[in-house]
Amino acid sequence: MNTMLNLTEFEIRERRLRSVISYHGTASDLNEKSKKTALKCGSRTYQQCSDCSQGCAETVTYLIKDAAVIVHSPIGCCSNPSLTELQGEVVTRQRGLKPQRAQIICSNIREKDTIYGASEKLKKAAYAAKERFNPSAIFVHSSCAAGIIGEDLEAQTDQLEKELKIPVIPVFCEGFKSRIWSTGFDAAFHGILRKLVKPPEEKQADLVNVFNFVGNDTFSGLLKKLGLRVNYLVPLTDIRTISKMSEAACTAHICETLATYIANGLEKQYGVPEVKTPAPFGIKWTDQWLREVAKYTGKEEIVEQVIQSEHERIQPELEQIRERLKGIRVYIFAGDSYAHSLANMATDLGLELVGLTTLHHDQKTDGNTEELNTLNHLIKDKGEIENYSVCNKQPFQVIKIVKKLQPDLLIVRHMNMTILGTKLGIPSVLEGDVNVSAGYDGFIKLGKRLHEALLRKKVLKTIADHVELPYTDWWLQEEDPFYFDGGNKL
Ligand code: SF4
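Attention here is on the structure that accompanies the text.

What counts, and where the lines are drawn
Residues numbered from 1 in each chain as written. Predicted model: local features only at pLDDT ≥ 70, side-chain atom pairs only at ≥ 80, totals over all residues. Heavy atoms only, no water. Buried < 20%, exposed > 50% of the residue type's maximum accessible area, 1.4 Å probe, protein only. Helix = DSSP H or I, 4+ residues; strand = E, 2+ residues; numbered from the N terminus. Pairing = 2+ DSSP bridges. Salt bridge = Lys/Arg side-chain N within 4 Å of Asp/Glu carboxyl O. Contact = heavy atoms within 4.5 Å. Polar contact = N/O pair within 3.5 Å; in protein donor to acceptor, adjacent residues only side chain to side chain.

A regular strand places its side chains so that they alternate between the two faces of the sheet. In terms of burial, strand β8 (residues 248-253) is a largely internal element, 6 of the 6 residues being buried. When strand β6 (residues 204-211) meets β8, the two strands line up parallel, connected through 5 bridges. Bridge pairing in β8 places F211 opposite H253.

Enumeration over the complete set of coordinates arrives at 28 salt bridges. The closest approach of N and O atoms between R194 and E154, which form a salt bridge, is 2.6 Å. Note that R194 is positioned in helix α10 (residues 183-195) and E154 in helix α9 (residues 153-164), a separation of 40 residues in sequence. Given the relative accessible area of 23%, R194 is considered partly exposed. Residue class for E154 comes out buried when judged on its relative accessible area of 16%. Residues K195 and D158 are paired through a salt bridge, measuring 2.9 Å at the closest nitrogen-oxygen approach. Of this pair, K195 sits in helix α10 while D158 sits in helix α9, and the two are 37 residues apart along the sequence. Relative accessible area serves as the criterion here: at 30%, D158 is assigned to the partly exposed category.

The next thing to look at is the environment of T157. Among the secondary structure elements, T157 is positioned in helix α9. Along the chain, T157 and P74 lie 83 residues apart, while their C-alpha atoms are 19 Å from each other. Sequence-distant contacts of T157, defined by excluding residues within four places in its chain, comprise V140, V168, I169 and P170. Only 2.7 Å separates the side chain of T157 from the backbone oxygen of L153, close enough to count as a polar contact.

This next bit is on unusual backbone geometry. V234 follows L233 through a cis peptide bond whose omega is -15°. With respect to the element layout, V234 can be found in the loop between β7 (229-233) and α12 (239-243). Despite not being glycine, N108 has its phi angle at roughly 60°, a positive value. Looking at the secondary structure, you find N108 in the loop between β3 (104-106) and α6 (111-116). Take N108: its relative accessible area is 26%, and that puts it in the partly exposed class. For N368, which is not glycine, the phi torsion reads 50° and is therefore positive.

Below is the structure:
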């Protein structure tokens, strides 16, 4: 038995992966220090914004087709459903699926409940969810309020499971618990592994689990070249598919930050091998990924042929794109591992990488395997990155980093960060749907999108000329963007 599944709660990232939220220096220095787990997750002396683990847990659970989610929290913590509802319409269409609704209820913990207890409210919400949505399972998200008053979610969900006769899964995603909001991914996956995934009834030799967010279906085409099928997990799928993920031939993910926790758990618990190489972003990393998938699916004989013909197919277009992007200086801002994938693609496309910021940094990987250390792969393949920082968003800081380095182009993973680029007059490309850039075709598409973004330079310059940044002259003139950075001391 996998010991992590015996535990009601999982270990937060700061302890499990020794994750940090601040660093500045070089990529190789960070990598070497991380190998010795020498950095501490310090704090900042000033912080402009933050996020909550609950947001990442939502990303995993809100759009499971036949599940309901109860957010056991004050109403303010449950502010995302309308956005998810809108997203649900768009993202299902992108995937070629029927539009679907998010099925969410907030238990609405109020001041009185924090004194007398909120269990009744949770029960009422669970019964309402069963009656309103008739779901195949209910997820119960915890919150700071539920955690602080000591709600016994494990006992409550066990009881509700007996009464409602469907799985009721606690998700321990209290915002105060971890400074790394990606911990919310682990919280949701821990619940899924413990309560939903069943032992395999029949192995499916051509099925590849791909943990991703929502987004376009680009992996089907890539895997079809090897005669394989994709099993997208877990948004936009259903509880039955989730419960049978142990039947797949292997497990991959579009980002190590998202899913190594569950991929490692699946391997340990059910023997489903995890694809231990960086996700398929960029030519060499796609080649390696396909070879690794082929190893677990008996496709080794055809994989080299597929790789060669894909290289030949994209070569003419790739040469043109590289020519257009040659010498363009780019800065990248994204969550931990996906930033490395973006940097790999950008340099593969011939751009000059002037720096990179990740939202946090995991010093270790789940399963503690060096093959999944994407920073190490990036340095090995592309060399040193002189300006490497870790910063949990903080626009006041990012603006200074970017202003100092003056890149021609920004690639960002989150919507609000493109606005920063606009304010500085720098064309910014949003990598909102990461599936789009996967594989050989995705790589070419990214190149085209980067080139198109550069064509907007003039209009952005005009906007920037009229923007007033909301910071004092002192901060704008201060030399050090990391002035408020508490460093890696506790
Ligand atoms: S759970 Fe905590 S950190 Fe998250 S939104 Fe609610 S109060 Fe804020």
